[in-house]
Amino acid sequence: MTETKRLGRGLEALLGPLTREAAQAGGGLKELPVAAIRPNPYQPRRQFDEAQLKELADSIEASGLLQPVVVRPQPDGAGRYELIAGERRWRAVQRLGWKNVPAVIKEVDDRSLLTLALIENLQRDALSPLDAARGYQQLMQEFTLPQHEVARLVGKDRSTVSNTLRLLRLPDDVQQLLEERKLSEGHARALLALSDPQELTRLARECAAAEWSVRDLEARVRGEQLQTAAPARKTLRRPRAEVRNPSADIRLVEDALRKRLQTDVRITARRRGRGAVTIHYYSNDDLARLLELILGKPFEG
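Keep in mind that this is a model prediction, so the values were computed, not measured.

1. Focus on the pattern of salt bridges
Here is step 1 of the chain: Within the structure shown, the criterion is met by 15 salt bridges.
Here is step 2 of the chain: A salt bridge links Lys 54 to Asp 58, with the shortest nitrogen-to-oxygen separation between them at 3.1 Å. Within this pair, Lys 54 and its partner Asp 58 are both found in helix H4 (residues 50-63), separated by four residues, close to a single helical turn.
Here is step 3 of the chain: By relative accessible area, Lys 54 is classed as partly exposed at 48%.
Here is step 4 of the chain: Between Glu 82 and Arg 72 there is a salt bridge whose closest N-O contact spans 2.9 Å. Residue Glu 82 is located in strand S4 (residues 81-85), and its partner Arg 72 is located in strand S3 (residues 69-73); the two are separated by ten residues in the primary sequence.
Here is step 5 of the chain: A residue is classified by how much of its surface remains accessible, and Arg 72, at 6% relative accessible area, is buried.

Okay, here's the thing in structure tokens:
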């Protein structure tokens, strides 16, 4: 099985067991100088939390390094190495002043190096949504990969990759709020329904300042659209439709569908078990994404 076919199954599918005991038993554990290792040049993660690094260093000092770092020989030789996985561990042992670090050496190409860095961070939920989006974009641009191939490589649904990439359309100021965790990914998706960058930025700042929930923001986004709608659309009586009192069960179903479809979903319950499910989309591309997610394949109609 080739490396690229195994990548989507996770980090260990390509690299093998990564515990210190397993590497030692297989004869693959080496002691390498910490100074001879450099970070992964394709590392998608831009920031490392200092408090978490200190906590990891304290844990390693107390219990030892249970999982070796994984490296590849640096392409220009000279006895140096590039990290494939384990940059947080490498940074932590630097804090402790270690001269050497247990390591496993693997031969991988540049595409695998970037993909493995994405997989490691995604498996640990360590990447911000924007870092993940930039990583996906880098895979697509540097290696001329379509979205469905990126999704296969990192073991994600195509719709997840597509929706994450949409975050890069946000204005820089809004991306900064997302990076600072003043807005969540759910907030960002709701804001993408707005086509006017200035209005989007204004509403994002107001949302962050007032600490609105995602549902609050979605309501205000819909309100902005209603206020700018043509007068003829008033016959639809949409403002009245917004006044609902859904049960707790209905809200749970709505939340589950929003999470699965990554868009706003509304359920209107009527008598005798009847009702309607309204799924919102915000562009032709978004509609195509939803159709593929619901049908299980691209819509060819």
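Still more to cover.
2. Some remarks on the sheet that holds strand S1 (residues 29-33)
As a general point, the strands of a sheet are linked pairwise by backbone hydrogen bonds and lie either parallel or antiparallel.
Here is step 1 of the chain: Ordered in space as S1-S5-S3-S4-S2, the five strands form an open sheet in which the pairing is mixed. Both outer strands of the open sheet, S1 and strand S2 (37-38), are each paired with one neighbouring strand and no more.
Here is step 2 of the chain: Judged from the three bridges that link them, S3 and strand S5 (residues 100-105) form a sheet pairing that is parallel. Looking at the pairing, Val 69 lines up with Ala 103 of S5.

3. Some thoughts on H4
Here is step 1 of the chain: Between its terminal C-alpha atoms H4 stretches 20 Å, which fits the 20 Å expected from 14 residues at 1.5 Å a residue.
Here is step 2 of the chain: Residues of H4 that are buried: Leu 53, Leu 56, Ala 57 and Ile 60. Buried residues of H4, viewed axially, fall in a sector of 100 degrees; they line one side. In this structure, H4 carries Ala 51, Glu 55, Ala 62 and Ser 63 as exposed residues pointing more than 90 degrees from its buried face.
Here is step 3 of the chain: For H4, the elements touching its buried residues are helix H5 (87-95).
Here is step 4 of the chain: Directly after H4, the chain includes Gly 64, whose backbone phi takes a positive value near 85 degrees.

So, how was this worked out
- Residue indices begin from 1 for each chain and proceed along its sequence in written order.
- Two thresholds apply to this predicted model, a pLDDT of at least 70 for residue-level local features and 80 or more for giving and counting side-chain atom pairs, whereas whole-chain, interface and lining totals are computed over all residues.
- Side-chain metrics rest on all non-hydrogen atoms present in the structure, leaving aside hydrogens and water.
- Salt bridge, as used here, is a side-chain nitrogen of Lys or Arg placed within 4 Å of a carboxyl oxygen of Asp or Glu.
- Secondary structure elements follow DSSP: runs of H or I no shorter than four residues count as helices, runs of E no shorter than two count as strands, and numbering proceeds from the N terminus.
- Buried means the residue's accessible area, taken with a 1.4 Å probe over protein chains only, is under 20% of the maximum for its type, while exposed means over 50%, and partly exposed covers the values in between.
- Each pair of strands is called paired provided DSSP finds at least two bridges between the two strands.
- Expected span of a helix: the number of residues minus one, times 1.5 Å.
- Think of it as the arc spanned by the lines of direction from the helix axis to the C-beta atoms.
- Residues count as neighbours in contact if any of their non-hydrogen atoms are within 4.5 Å of one another.

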